[in-house]
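Here is how the chains run, residue by residue.
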Amino acid sequence: MILSYTFFQNALIVSVLIGILLPMIGVFLVLRRYSMIGDTLAHASLAGVAGGLLFDVNPILGAFVFTAFAGALIEFLRGFFKKYSEIILNIILAIGVGVAITIISSGKLHANANSFLFGSILTVTNEDVLTVLCLSIAAAVTLFFLYDQLIYTVFDEDAARLAKVKVRLINYAFSILVAAAISVSIRVVGMMVIGSMIALPVATAMQVAKSFKGTVLWSIIFSLIDIVSGLFLSYFFNVAPGGFTALLSALILLVIIGIKVISRRITAGRLEMQE
């Protein structure tokens, strides 16, 4: 039985944690039209992984530290490129990828970083589970206490400032939340597809939900379906879980959209018949 293997138990625990955490963060990113920030920070996290492997530090913690720094740097640079925010992402991407390639190509790493690119259920250790659990709890608690302020800043930053919400501080805190979500996901999902796992469950939820809380709830449901199903199926098909999960997530989105289109046409046909 596959669940009898310790490595798969660890991977399943981590998958459930990130299946809950990623869409909670993703909803705010998508509504703020910042979904590409998640992808940028995911690529930048490889530098933290490489640094962790270089200095014999847990690579997940290394990814968190560097990604949190990159997220804070994005917020800092927003003040200098207010009308050209896409340039900021290119700057962060250049720094992150540049640092990662420099360290990896130096030949001084004590382990292979490839598993963090595509995800691997075979490399999830007990230490990783504990690290992911701690970061997930910290992120969830922070999100709980900042929920109302984040709602304000998502829909109207100017109104939030008038309501005396510390928008700048909230944005910095949210950057750290994104960093935590990304760093806990790279071991199983892989750096290459974290951006899609942040955005796609939210995009699917937006097709069926009718409220903000409904979008959050459906995002979590779809995310758990995507990640847990992708984990099991990728094991049986002997493929990287990250890429397979991303394909599964995209397929579910397309199916939901297809059902929605068919439903609308059926409804429209019935209305025409009644007329």
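In this report, the structure presented in the accompanying data block is examined. Predicted model, so just to flag it, every value in this text is computed and none were measured.

1. Regarding the overall build of the protein chain
A count of helices and strands for the protein chain gives 11 helices and zero strands. Secondary structure elements of the protein chain, listed N to C terminal, follow the sequence α-α-α-α-α-α-α-α-α-α-α. Scaling as 2.2 N^0.38, a compact globule of 275 residues should have a C-alpha radius of gyration of about 19 Å, and the protein chain matches this with 20 Å. With 275 residues in all, the protein chain has 48% of them scored as buried. Of all intrachain contacts in the protein chain linking residues separated by at least 6 positions in sequence, the fraction that spans at least 24 positions is 77%.

2. Points about the packing of helix H3 (residues 59-77) against helix H6 (residues 126-155)
Viewed as axis vectors pointing N to C, H3 and H6 meet at an angle of 30°, and their least axial separation amounts to 9 Å. Our classification of the angle between H3 and H6 gives roughly parallel. The residues of H6 that touch H3, namely those facing Ile60, Leu61 and Phe64, are Asp128, Thr131, Val132 and Leu135.

3. Overview of unusual backbone geometry
Of note, Asp56 is a non-glycine position whose phi angle comes to about 60°, a positive value. With respect to the secondary-structure elements, Asp56 resides in the loop between helix H2 (35-54) and H3. The phi torsion at Asn238 lies on the positive side, around 60°, for a residue other than glycine. With respect to the element layout, Asn238 can be found in the loop between helix H10 (212-237) and helix H11 (241-274). Asn238 gets classed as exposed once you look at its relative accessible area, which sits at 68%.

4. Topic: the pattern of salt bridges
The full count for this structure, using the stated rule, is one salt bridge. For Glu75, the salt bridge identified is with Arg78, shortest N-O distance 3.0 Å. We classify Arg78 as partly exposed; its relative accessible area is 22%.

5. Comments concerning empty space enclosed by the protein
What the rule picks out here adds up to one cavity of 30 Å³ or more. Quantified by volume, the largest cavity comes out at close to 110 Å³. Per-element accounting of the lining of the largest cavity gives the leading share, four residues, to helix H8 (residues 167-185). Class assignment for the residues of the lining of the largest cavity results in seven nonpolar, three polar and three charged.

6. Some points on the environment of Leu117
Relative to the assigned elements, Leu117 resides in helix H5 (residues 114-118). A C-alpha to C-alpha distance of 8.5 Å links Leu117 and Arg187, two positions 70 residues apart in sequence. Among residues more than four places away in sequence, those in contact with Leu117 are Leu46, Gly190, Met191 and Met192.

7. Details of the layout of surface pockets
Estimated volume of the largest pocket: approximately 380 Å³. Looking at the largest pocket, it is lined by 19 residues, and the ones nearest its centre are Tyr34, Arg78, Lys82, Ser85 and Ile88. Elements with a minimum of two residues in the lining of the largest pocket: H2, H3, helix H4 (85-105), helix H7 (157-162) and H8. Sorting elements by how many residues they give to the lining of the largest pocket places H4 first, with four residues. Its residues assigned to classes, the lining of the largest pocket comprises eight nonpolar, three polar and eight charged. Of the voids in this model, the second largest pocket is the one considered here, and its volume is about 160 Å³. As for the second largest pocket, its lining consists of Gly119, Ser120, Ile121, Leu122, Ser234, Tyr235, Asn238, Val239, Ala240 and Pro241.

8. Digging into the nonpolar core
In terms of nonpolar packing, the biggest core is built from 77 residues, with Ile25, Leu41, Ile92, Phe174, Ile182 and Ile186 touching the most fellow members. The dominant element in this core, judged by the number of residues it contributes, is helix H1 (residues 6-31), at 12 residues. Sequence-distant contacts of Leu41, that is, excluding residues within four places in its chain, are made with Thr67, Ala70, Gly71, Ile74, Ile92, Val178 and Ile182. Grouped together as the second largest cluster of nonpolar side chains are five residues, Ala205, Phe222, Ile252 and Ile256 included.

What counts and how
Residues numbered from 1 in each chain as written. Predicted model: local features only at pLDDT ≥ 70, side-chain atom pairs only at ≥ 80, totals over all residues. Heavy atoms only, no water. Helix = DSSP H or I, 4+ residues; strand = E, 2+ residues; numbered from the N terminus. Rg over C-alpha atoms; globule rule 2.2 N^0.38 Å. Buried < 20%, exposed > 50% of the residue type's maximum accessible area, 1.4 Å probe, protein only. Contact = heavy atoms within 4.5 Å. Axes fitted to C-alpha atoms, helices over the stretch in contact; angles between N-to-C directions. Parallel < 35°, antiparallel > 145°, perpendicular 65-115°, else oblique. Salt bridge = Lys/Arg side-chain N within 4 Å of Asp/Glu carboxyl O. 1 Å grid on protein atoms, 1.4 Å probe; cavity = no way out; pocket = protein on both sides within 12 Å on 5 of 7 lines; lining within 4 Å. Points joined across faces, edges and corners; volume = space filled by probe spheres on them. Nonpolar A, V, L, I, M, F, W, Y, C, P; charged D, E, K, R; others polar. Core = buried A, V, L, I, M, F, W, Y, C linked by side-chain atoms within 4.5 Å.

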